[in-house]
Amino acid sequence: MHDAAPGESGSVRAGLRPRGSRLANLSLAFVSLTVSVLAIEIGYRLAVGLPLFELANWRGDHTVILESGDLPVPDPQLGWVSRPGYVGDGYRTLAHGIRRNFDETTIRTGEILAVGDSFTEGMEVDDDQSWPAYLEKKIRRPVVNGGVMAYGTDQIVLRAEQLLPIVKPKILIVGFLEFDVFRAGHSHFGSPKPYFTVENGALRYHAPALVTVRHEAAFAVRAGYWLRHWLGYLASVDYLMRRAAPDFWLGSERRQYVRAPNDPLAVTCLLLDRLKQRTDREGVRLILFLQYYAAAMMAGDEPTPNGQGVAACAKRLGIQVVDHFAPLRALVAKDPDAMRPYYMTDGKNFTHMSPKGNEHAAVLLAKVLSE
């Protein structure tokens, strides 16, 4: 038997015994990783003005499900439209996918046309609870609801151009959710959609592409989606993944998200310019109505960069802008819970405007129309 060298411990003499257990090392690594992730998350929320303790699935706020039964149908120019003659629970459409406000049976012409995405369409509320319906009641003039779920700014302008010769309105209200600019930067946003590029200063239209439904039964893919769901509660991860890998972050077997090679804000401004020139020629008053997700409303005292960019562009073009941000933000500044009645919720996240929120929007628009 050999004597231990001076200062040599028993564990070294044994030769194989580790200083700490593997479990302790793994626990330390887990704690370090968790602390680092939380530090990054807190730093990001402080930097952009998000609530520090808001528990929300930020990824869920940006996903769009086009699987609402048989309501949306493919359209070769617009990607999809609401099904004409649809009758569902509190939701009915006329020709061209126009949503009814009340009991009208034909498209009423010569008054007001509203176009936009699901915020204009009035998803999650009954026919008479959309903001176009509330506006019609307040001003006692027909307001034709041409909103379609999940549209980008590009599709909304195309929809307006499609409906102008049909409705022949005196007033056109274009409803933009600030997030619609982001959608305009995609060739697939849940489903194939049109997009525009700018070439030599002019807009070039690209029709919706065909898409093959993916089959993703592999365990690794399902595990990745499970992990993605929980990471969606980190606003910092959502911010990075929506830019780095939007198809994985937002997509699924039925939904695909593919970025287009364009600047969506520049495209939106050029489309507004084109629409303004047309409405001027036809003697139609053009109003841009800007709306926001609840998360954007709670993030700070200023609208999002896309919201500010579109508003500035519209004003340069001489388009009248009605912005829903300031009136709703004033409620949040006084009491963070005061805004809750203005949005619907799925139990975890805010979704579309509630009847109260839509009526609030209609009051703003009615005031502008009376001027």
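Data block above holds the structure.
Residues numbered from 1 in each chain as written. Predicted model: local features only at pLDDT ≥ 70, side-chain atom pairs only at ≥ 80, totals over all residues. Heavy atoms only, no water.

## Digging into the overall build of the protein chain
For the protein chain, the helix and strand inventory stands at 14 helices and 15 strands. A buried classification covers 50% of the 371 residues belonging to the protein chain. Here the contacts in the protein chain between residues at least 6 apart in sequence split such that 71% fall between residues at least 24 apart. In the structure as shown, the protein chain presents an accessible area of about 18,100 Å², 59% of it carried by carbon and sulfur atoms. (Helix = DSSP H or I, 4+ residues; strand = E, 2+ residues; numbered from the N terminus. Buried < 20%, exposed > 50% of the residue type's maximum accessible area, 1.4 Å probe, protein only. Contact = heavy atoms within 4.5 Å. Areas by Shrake-Rupley, 256 points an atom, 1.4 Å probe, with all protein chains shown as cover.)

## Some points on the packing of helix H10 (residues 264-282) against helix H12 (residues 305-316)
Between two packed helices, what matters for the description is the angle formed by their axes and the separation of those axes. Interhelical geometry of H10 versus H12 gives an angle of 30° and a closest axis separation of 10 Å. When the axis of H10 is compared with that of H12, the two are roughly parallel. Judged by the sense of rotation from one axis to the other, the crossing of H10 with H12 is right-handed. On H12, the residues that touch Leu265, Thr268, Cys269 and Leu272 of H10 are Asn306, Gly309, Val310, Cys313 and Ala314. Split into classes, the residues belonging to the contact of H10 with H12 amount to six nonpolar, three polar and no charged. (Axes fitted to C-alpha atoms, helices over the stretch in contact; angles between N-to-C directions. Parallel < 35°, antiparallel > 145°, perpendicular 65-115°, else oblique. Left-handed = near helix turned anticlockwise from the far one by under 90°. Nonpolar A, V, L, I, M, F, W, Y, C, P; charged D, E, K, R; others polar.)

## What about the pattern of salt bridges?
Taken as a whole, this structure holds 16 salt bridges when the rule is applied. Salt-bridge contacts for glutamate 111 lead to arginine 141; the nearest nitrogen and oxygen are separated by 2.8 Å. Placement of glutamate 111 in the loop between strand S4 (91-92) and strand S5 (112-115) and of arginine 141 in the loop between helix H4 (131-139) and strand S6 (143-145) is noted, with a sequence separation of 30 residues between them. Of the residues examined, arginine 141 reaches a relative accessible area of 28% and is grouped as partly exposed. Where arginine 278 meets glutamate 282, a salt bridge forms, and the shortest distance between an N and an O atom there is 3.0 Å. In this pair, arginine 278 and glutamate 282 are both assigned in helix H10, four residues apart and thus about one turn of the helix distant. The network of salt bridges with shared partners includes Arg92, Arg99, Asp103 and Asp127. (Salt bridge = Lys/Arg side-chain N within 4 Å of Asp/Glu carboxyl O.)

## Some words on the sheet that holds S5
By definition, the strands of a sheet pair up through backbone hydrogen bonds, in either a parallel or an antiparallel sense. If you trace the five strands from one edge of the open sheet to the other, you get S6-S5-S7-S12-S13, paired in parallel fashion. The open sheet has two edge strands with one neighbour each: S6 and strand S13 (320-323). Averaged over all adjacent pairs, the angle separating strand axes in this sheet is 20°, with direction ignored. Bridging between strand S12 (residues 285-291) and S13 involves four bridges; their strand directions are parallel. Residue leucine 290 lies in a different strand from S13, and its bridge partner there is aspartate 323. Across the sheet, helix H14 (residues 355-369) lies against S5, strand S7 (171-177), S12 and S13, angled at about 155° from S12, the strand it touches most. (Pairing = 2+ DSSP bridges.)

## Details of the packing of aromatic side chains
Scanning the entire structure with this criterion turns up 12 aromatic pairs. With a centroid separation of 5.7 Å and an interplanar angle of 80°, the aromatic rings of phenylalanine 119 and tyrosine 293 are classed as edge-to-face. Residue phenylalanine 119 is located in helix H3 (residues 118-121), and its partner tyrosine 293 is located in the loop between S12 and helix H11 (294-298); the two are separated by 174 residues in the primary sequence. Judged by centre distance (5.4 Å) and plane angle (85°), the ring pair of tryptophan 131 and phenylalanine 289 falls under edge-to-face. Separated by 158 residues along the polypeptide, tryptophan 131 in helix H4 and phenylalanine 289 in strand S12 bring together distant segments of the chain. Each member of the pair, tryptophan 131 as well as phenylalanine 289, carries the same accessibility label: buried. Aromatic rings pair up to connect Phe119, Phe179, Phe182, Phe189, Tyr257 and Tyr293 into one cluster. (Phe/Tyr/Trp six-rings, centres within 6.5 Å; stacked < 30°, edge-to-face > 60°.)

## Here's the deal with unusual backbone geometry
Backbone geometry places glutamate 124, a non-glycine residue, at a positive phi of 80°. Tracing the sequence through the fold places glutamate 124 in the loop between H3 and H4. A positive phi angle, near 50°, is found at lysine 168, a position not held by glycine. On the secondary structure map, lysine 168 appears in the loop between helix H5 (153-167) and S7.

## Observations regarding H10
Between its first and last C-alpha, H10 extends 27 Å over 19 residues, near the 27 Å set by a 1.5 Å rise per residue. Within H10, the full set of buried residues consists of Pro264, Val267, Thr268, Cys269, Leu271, Leu272, Leu275, Lys276, Arg278 and Thr279. If you check the start of H10, you find a side-chain oxygen 3.1 Å away from the backbone N of leucine 265, and it comes from aspartate 263. Following H10 by one or two positions, glycine 283 has its phi on the positive side, about 70°. (Expected span 1.5 Å × (residues − 1). Polar contact = N/O pair within 3.5 Å; in protein donor to acceptor, adjacent residues only side chain to side chain.)

## Structural notes on the packing of H5 against H10
At a minimum axis separation of 9 Å, H5 and H10 run at an interaxial angle of 15°. Taken together, the axes of H5 and H10 lie roughly parallel to each other. For the pair H5 and H10, the sense of crossing is left-handed. Packed against H5, whose contacting residues are Thr153, Asp154, Val157, Leu158, Ala160, Glu161, Leu164 and Pro165, the element H10 presents Thr268, Leu271, Arg274, Leu275, Arg278 and Glu282 at the interface. The residue makeup of the contact of H5 with H10, split by class, is seven nonpolar, two polar and five charged.

## Focus: helix H13 (residues 325-334)
Within the sequence span of H13, burial applies to Phe325, Leu328, Arg329 and Val332. An end-on view of H13 places all buried positions within 100° of arc, on one side of the element. Away from the buried face of H13 by more than 90 degrees, exposed residues Ala326 and Lys334 are located. Considering only its buried residues, H13 is in contact with H11, S13, strand S14 (343-345), strand S15 (350-353) and H14. (Arc of directions from axis to C-beta.)

Scope: geometric values only; no functional claims are made or implied.
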